[in-house]
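Structure assessment
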Amino acid sequence: MVPIQMVDLKRQYLKIKPQVDAAMTEVLENAAFINGAPVQQFTNALQSYLGVKHVIPCANGTDALQIAMMALDLAPGDEVITPSFTFIATAEVIALLRLKPVFVDVDPKTFCLDPEQVEKAITPKTKAIVPVHLYGHATDMEPLMAISGKYNIPVIEDNAQAIGGHYTFADGSKKMLGAIGQIGCTSFFPSKNLGCYGDGGALFTNDDALAAKIRMVANHGQSARYYHDVVGVNSRLDTLQAVVLNIKLPLLDEYIKARRAVADAYDAGFAGIPEITTPFRASNSYHVYHQYTLQLNGADRYALQQYLQEKGVPAMIYYPVPAHRQKMFEDFGGAAFNLPVTDDLTSKVISLPIHTEMDADQLQYIIDSVKSFLNQNSK
Ligand SMILES: *Cc1c(COP(=O)(O)O)cnc(C)c1O
């Protein structure tokens, strides 16, 4: 059996190696490292894939979130509603810009922001809502966008974990995740569902004025060459990374299908086991399984992690400490937020390997290993 990894980037690369190597060599030979033609080509391709008017590439997903908040002219002290159950970047940029993170609890089934709780947390100082489509499952966007419209508060989707996923509205229409809020943000970190071979990110919007502002902020606040209107940042997608993304974007739907097949096999393998809650799939969310995350009830997840490691199966806890309990947010009153669902979930979750290259024998071995642990160790 091929050794099991959380994400097998090497085997995925080997399947596209001839195209990648040739395209990278071409960039090296043209020496068009910054803003080379492949960057614009990728921007156009992603626009049509997502059905969104503007894609603005940038250096990474964290920058995308920061640029989004800068482009919306958020000012120190403004409140930004976000989940605490997320990768730290989402909340970190809020604090970096001296905005106030307002942590709101998640839906216990989807692990994503609960729109009802969002509405309760709105004050006159609320200036943005940042849902995170955690692990590849959609936030319930229809009620969230209704709240956004009612209070006139923009939504920035953190779509770093759910690119290629979509959401179905009550009338049956579908939209790609990241293309629903006023701004969408994503990351092309290598292990993400659409990953490059270094850092990369992008913002999406259908709003022309916002797109112009985002472009300006991402490029030193520049309106015309060497004329700088606002304080911005330097955040670009390298040509070499765009080359990789141009090759991988046409494969994204296939990659997602491969992930969903792994999730189906896990779901079947773990069905009926009382200690395990498998990931929920809302009927309005096309889940892209950035992670396959179990909730473990009445069994020690760290003991399971240790047991699996000894059997050559990596497993990860995403995330052991929710944002509001991080030391980083002590001064922001983090721990004062009452988030029982987030606290409960972050004490129970464990993520198993999921990627595009998983073999049937690897999958069976992982399922059997988890089961044998539970047979020996259930409380
Ligand atoms: C990965 C990730 C980010 C940050 O992306 P980088 O490209 O690593 O900066 C932000 N939010 C979420 C939810 C992520 O998973």
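Everything discussed here concerns the structure shown above.
Quantities reported herein were computed from a predicted structural model and do not represent experimental measurements.

**Focus: helix α6 (residues 141-151)**
Among the residues of α6, those classed as buried are M141, L144, M145, I147 and S148. Looking down the long axis of α6, one finds its buried residues gathered within 155° of arc, a one-sided arrangement. The exposed residues of α6 that point more than 90 degrees off its buried face are G149 and K150. Against the buried residues of α6 lie α5 (115-121), β4 (126-129), β5 (156-158) and β6 (166-168). Of the residues one or two after α6, N152 is the one with positive phi, at around 55°.

**What about the sheet that holds strand β8 (residues 183-187)?**
Strand order in the open sheet formed by 4 strands is β1-β9-β8-β5, with mixed pairing between adjacent strands. Two strands lie at the open edges of the sheet, namely β1 (54-58) and β5, each paired on one side alone. Along the sheet, successive strands turn relative to each other by an average axial angle of 20°, direction set aside. For β1 and strand β9 (residues 201-205), the ladder comprises 5 bridges, and the chain directions are antiparallel. Its bridge partner being in β9, P57 is matched across the sheet by A202. Of the strands in this sheet, β1, β8 and β9 touch helix α7 (residues 208-218), which is tilted by about 15° from β1.

**Concerning the packing of helix α3 (residues 61-71) against helix α4 (residues 89-96)**
For any two helices packed against each other, the geometry is given by the interaxial angle and the distance between the axes. Where α3 meets α4, the closest approach of the two axes is 9 Å, and the angle between their N-to-C directions is 40°. Classified by the angle between their axes, α3 and α4 sit oblique to one another. Considering only the axes of α3 and α4, their crossing is right-handed. Within the contact between the two elements, α3 uses T62, L65, Q66 and M69 and α4 uses A89, T90, E92, V93, I94 and L96. Tallied by class, residues from the contact of α3 with α4 come to 6 nonpolar, 3 polar and 1 charged.

**Looking at the site of the ligand**
The full set close to the ligand counts 13 residues, and G61, T62, D158, S187 and K192 are the nearest of them. The separation between an oxygen atom of the ligand and a polar side-chain atom of Q161 is 2.8 Å. Taking 380 Å² as the accessible area of the ligand by itself, protein coverage stands at 92%. In a pocket analysis with a 2 Å cut-off to the grid points, the ligand is assigned to the largest pocket. Residues of the shell around the ligand, tallied by class, amount to 4 nonpolar, 7 polar and 2 charged.

Rules and cut-offs
Residues numbered from 1 in each chain as written. Predicted model: local features only at pLDDT ≥ 70, side-chain atom pairs only at ≥ 80, totals over all residues. Heavy atoms only, no water. Buried < 20%, exposed > 50% of the residue type's maximum accessible area, 1.4 Å probe, protein only. Helix = DSSP H or I, 4+ residues; strand = E, 2+ residues; numbered from the N terminus. Arc of directions from axis to C-beta. Contact = heavy atoms within 4.5 Å. Pairing = 2+ DSSP bridges. Axes fitted to C-alpha atoms, helices over the stretch in contact; angles between N-to-C directions. Parallel < 35°, antiparallel > 145°, perpendicular 65-115°, else oblique. Left-handed = near helix turned anticlockwise from the far one by under 90°. Nonpolar A, V, L, I, M, F, W, Y, C, P; charged D, E, K, R; others polar. Near = heavy atom within 4 Å. Polar contact = N/O pair within 3.5 Å; in protein donor to acceptor, adjacent residues only side chain to side chain. Areas by Shrake-Rupley, 256 points an atom, 1.4 Å probe, with all protein chains shown as cover. 1 Å grid on protein atoms, 1.4 Å probe; cavity = no way out; pocket = protein on both sides within 12 Å on 5 of 7 lines; lining within 4 Å. Sits in = over half its atoms within 2 Å of the grid points.

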